[in-house]
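# A structural walkthrough
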Amino acid sequence: MSAGGRVAAGLSVVLVSVYLLAVGAWLVITRRIPAPGLRRVLRAAVRPPYAGRLAGIRHETGACHVAPLPAHLLSDQESVSSLALFEDGRALGPAHAAHDDIRRLGGGRFSHWGAAIYFSASDGSDPGSNGRSYEVREQRGAKR
Amino acid sequence: MSARERIEPLLRVPASGEPLQRVDEAYVGGGRRFPLVDGIPRFVDSDQYVRSFSFEWNTHDRTQLDIYRDDRPSEREFVAKTGFTPEFLRGKLVLDAGVGAGRYAEVASRWGADVAGVDLSYAVEASWRNLRDRANVWIAQADIGALPFAPASFDVIFSIGVLHHTPDTRRYFEKLLPLLKPGGTIAIWVYPSSESYVIRKAWVPFVNRLPDRMFYAWCRWFIPRVSTHAASPWVHAIRRAFPYPSHGMGVEYDILDTFDGYSPAFHGVHSPQEVEDWFRSAGLVDVHRPSDWDTCVRGRRADPLP
């Protein structure tokens, strides 16, 4: 790429980034894309980390299963979920997986989305009937 | 017999339906003349509302094509989204409605089908470059809402990832159906109404106002950086607000798909039930989803017609 081309590309990156940040802020403020309220974020920061065993597991599509979670937990739908998922005490992942990937690829992928967790067993079996326990824990400050 | 020899007798003036004849470097009939430009028949004067696709497929004309890759992603996706097999397609006359750079037309023609690939955008120049050596491929620039073919021309029609970029997904789907022979099969995939597509829909009216080259330059900058830091919670947060693909098939693939996802004029999202209802209410039979891709639906035109 020529020097002129590099300058034009660099300028494009700056201008488009500024534009997209402004659009993103507008979409969040107008709630066209999900984002948590400030009060909810503050509450999440001060309350004790959540831990609980999954119950009410139902099959969704492909390898994906769904279980309900408390609605007050910050999920990937509106923020960044800090939930870790364990299968008989062993950590599953990747977290924050795309739902289509969970459905098609399984392998322990999961997503905390709204008041539910979309997840898959490590071996593609049915978590509702494979006899294993599934537990979630909030892990604040952990890099996952 | 080549694809061109099979298709030319089926050519009609869009809308009026009068027959077209090849005269030198044009198709002529009903007082209309449709020229061949750079070897490609043109049934439209411009790329209308699909400017971004003209840009992206001529920029990434090889990125998704199996003939330039070892991992055959297009063949895998074609099978998953249509359920078609080489045995099913061999010898059939097939319409690829929205051919793009020709990734699926390449698969169908490699399997032995005679393929007519049409696209409203100048992507036809990319698909023509990629497939012009195949006698069983015929490419034309045309609007899939007003195609230049006689009714009941095709044994098989597929349209993968295209109809949701038209002004009205269902209406454009229904415009394809008369082109199907009785007993013929149609398979489509449209964007599902799942979370990432719905979020993207909120962005599209803003992002598609950007000049293509500027947004593309941004995608080339953005995707490699977020891919490098994919495990960061901040990158996850960005991805939730601004969903971008991570196919695991190379950064060029993801740059292309990010541009593709945000730049079009239209971005429809649909539920699987909604798409199946279109098929059933149009009188198609054997309606089913060929895989667990939610909004891939396939059906057959009844024979005899109801």
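Each remark here, short or long, concerns the structure printed above.
## Looking at the interface of chain B and chain A
- Each partner contributes residues to the interface: chain B has 23 residues there, and chain A has 30 residues.
- In total, about 2500 Å² of surface goes out of reach between chain B and chain A, with carbon and sulfur atoms giving 70% of it.
- Across the pair Asp76 of chain A and Arg240 of chain B runs a salt bridge, and its minimum N-O distance is 3.5 Å.
- Inspection of the chain B/chain A interface yields six residue pairs in polar contact (both at pLDDT 80 or more).

## Quick notes on helix α9 (residues 212-228) of chain B
- Here α9 of chain B contains 17 residues, and its C-alpha end-to-end distance of 24 Å stays within 8% of the 24 Å for a straight helix at 1.5 Å per residue.
- Every buried residue belonging to α9 of chain B is among Asp212, Phe215, Tyr216, Ala217, Trp218, Cys219, Phe222, Ile223 and Val226 of chain B, and all of these are buried.

## Points about the sheet that holds strand β11 (residues 296-301) of chain B
All names here are of chain B.
- Spatial ordering of the open sheet is given by β7-β6-β5-β8-β9-β11-β10, a layout of seven strands whose pairing is mixed. Each edge of the sheet is formed by a strand with only one pairing partner; in this case those strands are β7 (137-141) and β10 (284-288). Between one strand and the next, the sheet's axes are offset by a mean angle of 15 degrees, whatever the strand orientation.
- Judged from the five bridges that link them, strand β5 (residues 93-97) and strand β6 (residues 114-119) form a sheet pairing that is parallel. When the sheet's bridge partners are listed, Ala97 is paired in β6 with Val118.

Rules of the game
Residues take numbers from 1 onward in each chain, read along the sequence in its written order. In the order they appear in the text, chains get letters beginning with A and ligands get numbers beginning with 1. The predicted nature of this model means local features are confined to residues of pLDDT at least 70 and side-chain atom pairs, given and counted, to a pLDDT of 80 or more, with totals for whole chains, interfaces and linings taken over all residues. Side-chain measures here rest on the full set of heavy atoms in the structure, leaving out hydrogens and waters. Two residues qualify as a contact provided that any one of their heavy atoms is within 4.5 Å of a heavy atom in the partner residue. The term buried area means the drop in 1.4 Å probe accessible area that two parts suffer when joined, counted for both and summed. Any carboxyl oxygen of Asp or Glu that lies within 4 Å of a side-chain nitrogen of Lys or Arg is treated as forming a salt bridge with it. In protein, a polar contact means a hydrogen-donor-capable atom and an acceptor-capable atom, both N or O and within 3.5 Å, with residues adjacent in sequence counting only if both atoms are side-chain atoms; elsewhere, any N or O pair within 3.5 Å suffices. Helix and strand labels come from DSSP, where a helix needs a run of H or I of at least four residues and a strand needs a run of E of at least two; each type is numbered from the N terminus. Expected helix span is computed as 1.5 Å times (number of residues minus one). Type-normalised accessible area, obtained with a 1.4 Å probe on protein chains alone, sets the label of each residue: buried when under 20%, exposed when over 50%, and partly exposed for intermediate values. Paired strands, in this sense, are two strands between which DSSP finds at least two bridges. Each axis is a line fitted through C-alpha atoms, taken for helices only over the stretch in contact, and angles between the N-to-C directions span 0 to 180 degrees.

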